[in-house]
Amino acid sequence: MKLLTHNMLTSHVKGVTKGYPLLIKQATEVKVNEVDFNPQFVTRMIPKLEWSALVHAAEELGQRQDLPDELVPEYENNEEFLKKVHRVLLEVEVIEGCLRCPESGREFPISRGIPNMLLNEDEV
Amino acid sequence: MRSLSGTLFHSSVSNRTYFESATNMATSHSRSCLQYLLHLAQDNLDFRLPSPFWCLDGLSEEDVSSVMSRSVCAKSAFELWGHGKTHSELRTSLLSYPSENMSPFMQKDSTYRINVYTFNKTLEFADRIKRIDAMEFLPFEGTVSLKSPQHCFCLLEDYGTDPNNIPEHPNYIYFGRWIADGQRELIRSHSVKNRHFIGNTSMESGLSFIMANHAKVSENDLVFDPFVGTGSLLVACSHFRAYVCGMDIDYNTIHGRGRSSRKDQKWRGPDENIRANLRQYGTEEMYVDVMVSDASKPVWRKAALFDAIITDPPYGIRESTRRTGSHKDVTRSPDVFYAESHVPVSQAYHLSDIFTDLYSEEMVPLHPCLRLISNCEQTLSSHTSRRLITMEKIKNPEELDSLAHLADPCFSPYQGHNAFREKYFSGQNKRCGKEDSKTVVNGE
């Protein structure tokens with residue numbers, strides 16, 4: 001699971017109102033792949049992101065490096081900054097771990113890089 | 001002059017054409033008064049105007065090239081210089097074509113060749129040569145080069161579409177300068193037959209590219225498939241340089257495990273999954289994520305996250321429809337792109353069932369935030385067809401909108417998510433059942 005995806009996921013456990021962002025726990029296997037840097041895509045995605053959730057998730061994985069607390073102004077022209085964002089969005093990948101709902105504590109496992117968001121019959 | 005400004009796809013609802021949306025993607029600042037001829041392939045006929053020849057004007061060459069860089073339905077595009085019902089009419093037409101439009105391509109130091117294409121008829125070699133020679137009245141000043149000419153001119157003769165009734169003389173003749181070929185090679189290069197990871201319901205390559213085009217998938221888009229299966233639609237989208245993600249309720253399909261869909265293979269191999277499919281075509285860079293999830297229980301936070309949602313939901317035949325939770329609720333996601341329809345053949349149906357089973361436009365799922373762009377029917381068998389529905393988001397959702405579709409009468413014929421499955425199989429006993437054993441792979 002990449003952090004771009006994590007940034008868009010929320011807990012859908014019945015009754016939960018504060019299910020975002022999901023906490024990344026027990027990340028026993030995390031990979032950092034090399035993915036072609038595409039500044040246009042990163043620039044397009046930044047306005048759609050919840051920035052603090054991204055920074056927090058990167059921190060949870062020990063992959064934050066020097067990602068700032070706040071978005072840098074005029075980031076469209078800041079290649080250095082865009083490369084940092086690109087790295088945490090697309091290159092960092094949780095292979096084994098789980099996503100925990102911050103309100104209910106319910107955990108969604110991630111195995112082989114794939115999250116399982118299925119709820120049981122009684123949770124729906 | 002057959003100038004067809006109607007819809008490329010049969011759409012009884014919208015006037016907006018697929019071609020229009022494709023040219024909207026092409027930036028064009030100059031509109032010439034030149035005419036262009038598209039030659040369309042003889043497949044997906046339900047999606048197309050009856051004739052394989054389509055004349056267009058009000059476009060620039062850049063627009064045409066742009067469309068051809070995406071289309072898997074169009075074989076070739078030409079700058080139309082002349083046309084007519086007979087060779088005599090063609091000649092007259094060509095003689096009145098402005099010479100200043102011809103001369104840039106007829107220069108002394110340039111090379112050219114003339115091709116003759118006859119549709120629905122085979123011509124003897126000698127007859128081809130005769131026709132090429134007959135075009136020499138045009139002011140060609142360059143030299144003929146058969147191997148790699150700078151300019152290619154084509155004489156196209158239309159002998160109709162009925163192979164059992166080929167006329168002696170062509171119904172219509174066109175002459176023009178070749179501009180570009182379409183992307184039909186993608187159908188072969190991305191054939192499901194050669195794909196590493198397939199399932200029982202993998203979408204055939206041609207149609208997956210058509211769907212990506214309907215959704216105007218562009219470079220740097222983020223695309224989502226909520227019923228991703230083996231990722232066929234994502235493969236097509238990644239080819240157009242969009243970043244892709246998907247989900248499916250089936251754990252084994254998402255993880256690439258379990259029984260193989262190939263007849264000579266029992267179990268899936270280690271490199272059989274969606275990511276591997278993208279890797280096969282060199283687009284692994286576009287892979288974002290897939291997950292195991294129930295599309296009817298959204299897991300995304302409420303924001304405009306995706307540029308396009310492209311999907312082929314289960315019909316309940318080869319894969320039965322499933323959902324988590326109680327079977328009591330009947331809601332359907334408004335993002336469904338394929339809506340079931342069929343014409344029942346069995347007389348065991350009650351009259352009221354027949355009226356609700358027959359397709360009507362009211363059955364197309366509606367949502368106040370989505371505008372219907374096109375509705376293309378594809379016949380699958382004597383008693384079933386499916387529709388490719390394309391909708392465009394026109395406004396952001398507000399609280400009340402999300403409940404709007406439940407009140408819609410179009411949902412009442414579908415009692416339970418396996419209703420279509422039951423009707424499909426109940427009719428099967430009356431026929432020999434040949435269609436059912438065909439796989440999507442064979443359908444290519």
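These numbers were taken from a predicted model, which means no experiment stands behind them. (Residues numbered from 1 in each chain as written. Chains lettered and ligands numbered in written order. Predicted model: local features only at pLDDT ≥ 70, side-chain atom pairs only at ≥ 80, totals over all residues. Heavy atoms only, no water.)

Asks: How should I be thinking about the overall build of chain B in this particular structure?
Replies: Scanning chain B from terminus to terminus reveals 14 helices and 14 strands. In chain B, which comprises 444 residues, the proportion classed as buried is 52%. Put simply, of all contacts in chain B between residues at least 6 apart along the chain, 71% involve residues at least 24 apart. Surface accessibility of chain B: about 21400 Å² in total, with carbon and sulfur atoms responsible for 52%. (Helix = DSSP H or I, 4+ residues; strand = E, 2+ residues; numbered from the N terminus. Buried < 20%, exposed > 50% of the residue type's maximum accessible area, 1.4 Å probe, protein only. Contact = heavy atoms within 4.5 Å. Areas by Shrake-Rupley, 256 points an atom, 1.4 Å probe, with all protein chains shown as cover.)

Asks: Looking at this model, I keep getting lost on helix α3 (residues 51–60) of chain A. Mind explaining?
Replies: For the α-helix, the turn length of 3.6 residues means that residues three or four positions removed from each other point alike. Residues and elements named next belong to chain A. Every buried residue of α3 is listed here: W51, A53, L54, V55, A57 and A58. Elements in contact with the buried residues of α3: α1 (3–8), β1 (23–32) and α4 (79–91). In the segment just after α3, G62 is the residue with positive phi, at about 70°.

Asks: Is there a simple way to think about the state of the cysteines in this case?
Replies: By definition, a disulfide links two cysteine residues through a covalent bond between their sulfur atoms. Residues and elements named next belong to chain B. Applying the stated criterion to the full structure yields zero disulfides over all chains. Not part of a disulfide, C154 finds its nearest cysteine sulfur in C152, a span of 4.5 Å. Of all cysteine sulfurs, the one in C237 lies closest to C245, which takes part in no disulfide; the gap is 11 Å. (Disulfide = S-S within 2.5 Å.)

Asks: Got a minute to help me understand the side chain of S111 of chain A in this structure?
Replies: As for its placement among the helices and strands, S111 of chain A is situated in strand β3 (residues 107–111). With near-sequence residues (within four places) excluded, S111 of chain A lies in contact with I95 and E96 of chain A together with Y251 and H255 of chain B.

Asks: Quick question: what am I supposed to make of the domain arrangement of chain B here?
Replies: Residue and element names in this part refer to chain B. You can read the domains of chain B as domain 1 (17–182), domain 2 (185–213 + 222–326 + 347–352) and domain 3 (363–421). Every contact between the two is made by seven residues of domain 1 and, on the other side, nine residues of domain 2. Summing both partners gives a buried area of about 750 Å² for domain 1 against domain 2, and 63% of it is carried by carbon and sulfur. Our count for the domain 1 to domain 2 interface comes out at zero salt bridges. The tally of links between domain 1 and domain 2 comes to one residue pair in polar contact (both at pLDDT 80 or more). When grouped by side-chain class, the residues that make up the side of domain 1 that touches domain 2 number four nonpolar, two polar and one charged. (Domains from an automatic or database assignment. Buried area = accessible area lost by both parts, 1.4 Å probe. Salt bridge = Lys/Arg side-chain N within 4 Å of Asp/Glu carboxyl O. Polar contact = N/O pair within 3.5 Å; in protein donor to acceptor, adjacent residues only side chain to side chain. Nonpolar A, V, L, I, M, F, W, Y, C, P; charged D, E, K, R; others polar.)

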